[in-house]
Amino acid sequence: GVLSTLGCMFAAAWVLMEESIAMCASVFLLTTMYMVGSEARRIRNRFYVPPGEEVSFNEFKRIDPADEIARKTLRTGSASPFKGLRDE
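Residues numbered from 1 in each chain as written. Predicted model: local features only at pLDDT ≥ 70, side-chain atom pairs only at ≥ 80, totals over all residues. Heavy atoms only, no water.

Caption draft 1: Expanded view of helix H2 (residues 19-47). Its 29 residues place the ends of H2 42 Å apart at the C-alpha level, agreeing with the 42 Å of an ideal helix rising 1.5 Å per residue. Within H2 the residues assigned to the buried category are Ala22, Ala25, Ser26, Leu29 and Gly37. Against the buried residues of H2 lie helix H1 (2-16). (Helix = DSSP H or I, 4+ residues; strand = E, 2+ residues; numbered from the N terminus. Expected span 1.5 Å × (residues − 1). Buried < 20%, exposed > 50% of the residue type's maximum accessible area, 1.4 Å probe, protein only. Contact = heavy atoms within 4.5 Å.)

Structure, rendered in structure tokens:
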């Protein structure tokens, strides 16, 4: 999206502006496009997860204490999973 917008601005600069101004605007736009691309590559490399290393939501659910309480509730049949957790 960002690169498309910058590309459109690059084309519009040459259609709507004088040649010297369009040249200056083109330098700024191309520099910005390069910076956006290099930052995107940097972020992708930093947060890239190779195949087989992904974590599913089910793995997170297994370590959730509230899920363990819900499983115990289903086994025991108690009405509330939080019954007896608070002193009243």
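Now that the structure has been shown, the text picks up again.
Caption draft 2: Main features of the pattern of salt bridges. Taken as a whole and judged by the stated rule, the model has one salt bridge. Between Glu39 and Arg42 there is a salt bridge; the shortest N-O distance is 3.0 Å. Here Arg42 and Glu39 lie together in helix H2, a separation of three residues that amounts to about one turn. We classify Glu39 as partly exposed; its relative accessible area is 39%. A relative accessible area of 42% places Arg42 in the partly exposed class. (Salt bridge = Lys/Arg side-chain N within 4 Å of Asp/Glu carboxyl O.)

Scope: geometric values only; no functional claims are made or implied.
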